[in-house]
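Each chain, written out:
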Amino acid sequence: VAMALALSLHLPEDFFVKEMDNPVAQMVLLRYPPPQPGGENLGCGAHTDCGFLTLLTQEDGVKGLEVQDVRTEQWIEAPALPGCILCNLGDMAQQWSNDYYRSTRHRVVMSGNAPRHSIPFFCNLNFDAVVSPADSVCKTALATKLGEPKYPPVTAGNYICQKLGLMHLCKEPASEDCTRGS
């Protein structure tokens, strides 16, 4: 996926992959209980993932994941398809592409009486990877379409720590880089 993204942005095929040889990555097993009668049906509120990309397996036949259409802001069901893995782009992909690609805003809305299980793999960059559209995508054949860089350089690990409220683990002070997006 990272190689295809790089090629689509007119970057060398290994552009992202070489920044993922010691990534801050994790896989999580999630269980969303069914909604209680008269209770809230929101399993997880609307958000974007702060990393590079998320690969997600979902339980066949169990609804719940919705993605937001960037143009209309309408919520669209993202059904689990047998044998398929869903890919959400994160904030780092959006920033490095200078908004050519957008971080996938999504949520989980529970319905019915069955729990929902999913396994997201947060496939992130190396902690010290410097995400800078000015030094990459804004110098490619897409430069005229992308315009000036919209994001200052940011270290991927510090961005993720700040978004997750873990700045005490970072070497650099907090910055405004993490106030963008959602």
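Residues numbered from 1 in each chain as written. Predicted model: local features only at pLDDT ≥ 70, side-chain atom pairs only at ≥ 80, totals over all residues. Heavy atoms only, no water.

Turning our attention to the overall build of the protein chain. Regarding its fold elements, the protein chain presents four helices and eleven strands. The burial tally for the protein chain puts 41% of its 182 residues in the buried class. Carbon together with sulfur atoms contributes 55% to the accessible area of the protein chain, which is approximately 10,100 Å² in total. (Helix = DSSP H or I, 4+ residues; strand = E, 2+ residues; numbered from the N terminus. Buried < 20%, exposed > 50% of the residue type's maximum accessible area, 1.4 Å probe, protein only. Areas by Shrake-Rupley, 256 points an atom, 1.4 Å probe, with all protein chains shown as cover.)

The next thing to look at is the sheet that holds strand β3 (residues 42–47). Strand order in this open sheet of four strands is β3-β8-β5-β6, and the pairing throughout is antiparallel. Only two strands of the sheet have a single neighbouring strand rather than two, namely β3 and β6 (75–77). Direction aside, neighbouring strands of the sheet carry axes that sit 30 degrees apart on average. Here strand β5 (residues 65–68) runs beside strand β8 (residues 106–109); their pairing, made up of three bridges, is antiparallel. Residue pairing for β8: L65 is matched across the bridge by V108. (Pairing = 2+ DSSP bridges. Axes fitted to C-alpha atoms, helices over the stretch in contact; angles between N-to-C directions.)

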